[in-house]
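As a plain string of letters, each chain reads:
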Amino acid sequence: MKQTRIHRGLLDRAKLSSAPKLAAKQERGRNGFTLIELLVVLATLAILAVLLLPALAQTRQNSQVIQCQANQRQLIVAWTVYARDNNDKLVPVGSLAYQPGSYYAEDPLTIPQLKPGGNLAQFCPGNLQSVQMVAGHYYTNWIKAGLIYPYVLTPVYKCPADLSKCPYGASPTFAVPSERTYSVNCFVGGMQWWNTGYKLFRKLSDMNRPGPANTWVFIEESAACIDTCYFILDPAHPNLWFDSPAVLHGNAGVLTYADGRSEVRRWTDGNMISDKNPQSPPGINVPADPNSGDLAWLLSVTTVHN
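Residues numbered from 1 in each chain as written. Predicted model: local features only at pLDDT ≥ 70, side-chain atom pairs only at ≥ 80, totals over all residues. Heavy atoms only, no water.

Student: A description of the layout of surface pockets should follow, citing residues and the corresponding values.
Tutor: The computed volume of the largest pocket comes to approximately 280 Å³. Surrounding the largest pocket, 19 residues form its lining, Leu-96, Cys-225, Asp-227, Asp-243 and Ile-284 being those nearest its centre. Class assignment of the residues belonging to the lining of the largest pocket gives a composition of 12 nonpolar, 5 polar and 2 charged. Put simply, the second largest pocket is a space of about 240 Å³. Taken together, 17 residues line the second largest pocket, and the ones lying closest to its centre are Leu-114, Lys-115, Pro-116, Ala-121 and Leu-147. Of the residues contributing to the lining of the second largest pocket, the split by class is 11 nonpolar, 4 polar and 2 charged. (1 Å grid on protein atoms, 1.4 Å probe; cavity = no way out; pocket = protein on both sides within 12 Å on 5 of 7 lines; lining within 4 Å. Points joined across faces, edges and corners; volume = space filled by probe spheres on them. Nonpolar A, V, L, I, M, F, W, Y, C, P; charged D, E, K, R; others polar.)

Student: Account for the packing of aromatic side chains, naming residues and giving values.
Tutor: With the rule as written, the count across this model stands at 9 aromatic pairs. Ring geometry for Trp-241 against Trp-267: centres 6.2 Å apart, planes inclined by 90°, an arrangement best described as edge-to-face. In this pair, Trp-241 is assigned in strand 6 (residues 240-241) and Trp-267 in the loop between strand 8 (262-266) and helix 5 (270-273), connecting sequence segments 26 residues apart. Here the two residues Trp-241 and Trp-267 agree in accessibility, since each one is buried. Every member of this aromatic cluster is reached through a ring pair, and the members are Phe-123, Tyr-157 and Phe-218. A cation over an aromatic ring shows up here: Arg-261 above the ring of Tyr-257, its NZ or CZ 4.0 Å from the ring centre. (Phe/Tyr/Trp six-rings, centres within 6.5 Å; stacked < 30°, edge-to-face > 60°. Helix = DSSP H or I, 4+ residues; strand = E, 2+ residues; numbered from the N terminus. Buried < 20%, exposed > 50% of the residue type's maximum accessible area, 1.4 Å probe, protein only. Lys NZ or Arg CZ within 6 Å of the ring centre and 35° of its normal.)

Student: Talk me through empty space enclosed by the protein; I want residue IDs and the actual numbers.
Tutor: A probe matching the size of a water molecule, rolled over the atoms, marks out where space remains unfilled. Per the stated rule, a full pass over the model turns up 1 cavity of 30 Å³ or more. The calculated volume of the largest cavity comes to roughly 70 Å³. Cys-124, Pro-125, Gly-126, Asn-127, Leu-128, Met-133, Tyr-139, Trp-142, Ile-143, Glu-179 and Arg-180 together form the lining of the largest cavity. In terms of residue class, the lining of the largest cavity is made up of 7 nonpolar, 2 polar and 2 charged.

Student: Before we move on, could you go through unusual backbone geometry and cite the residues and values that matter?
Tutor: Cis geometry marks the peptide bond from Cys-166 to Pro-167; its omega dihedral reads -5°. Mapped onto the elements of the fold, Pro-167 is located in the loop between strand 1 (165-166) and strand 2 (176-177). For the bond from Arg-209 to Pro-210, the omega torsion is -5°, close enough to zero to count as cis. Positive phi is not limited to glycine here, since Asp-88 has a value of about 80°. Note that Asp-88 resides in the loop between helix 2 (35-85) and helix 3 (131-134). For Asp-88, a relative accessible area of 17% translates into the label buried.

Student: Residue-level account of the sheet that holds strand 7 (residues 252-257), with values.
Tutor: Across the sheet, which stays open at both edges, the 5 strands sit in the order 5-3-4-7-8 with mixed pairing between neighbours. Single-partner strands in this sheet number two, and they are strand 5 (230-231) and strand 8. Where strand 3 (residues 182-185) lies against strand 4 (residues 216-220), 3 bridges are found, and the strand directions are antiparallel. By the bridge assignment for strand 4, Val-184 is matched with Phe-218. (Pairing = 2+ DSSP bridges.)

Here it is as structure tokens:
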């Protein structure tokens, strides 16, 4: 009996000494994750990522649209102030014929023709498709040589969504990031009167028809065709995109009117969006999609018949 009691006492003490270890082990088991629980957590995170990533991408796109609109608003304010400072005259906008091509390798800030009063002074000189200009040491000075630059002094000439390089189609080792996304309506201050049958606005006071609220000034231009700041449309050719808008915001682009209002325009012309162009270079002379009203609408806010 005595031995039995002693043996039982030893067993009880052994159980008591092992009880804390067992309790700790059980507690660790309760606080940890099983493999199944971990897999459930990972699957949940993956589902959340799939749901949230499009929203984050949309948020980023929206912020780029807002910044693009802010850029163009700054430009339109500078454009208006320039006219007020120059007897109501709109800042000139030069086509390829009004660019100092023989000077593309030189510093545009020293070219007399580009200085205020010069015969080639304009909104923003240069040609983004010129290898000589883009490869030159003074590439970033061409925007600074523009008549409007003293009124902005900030990098507002490029949409944040524009990741293009120029010249368009050049080797990646040679091409450089484009300095500019925005171009100007060729009938608003154009140095070349593209079609004399339609009104060329030379002064703010000229914009009585169709009115500042119905005449666009700045537009995002496709990287495939952007060269000068002179964006060509011709009401006499209502089925042809001479130049093409950019589609940097989900098949949409920003344009700004003479009254200072900016607008996000969603384009539907598949030929223009996809650059279905039978000619070369790309981006120009694109036949309009007959099922889309994009070109007709843009022409309606470009100019009016004389």
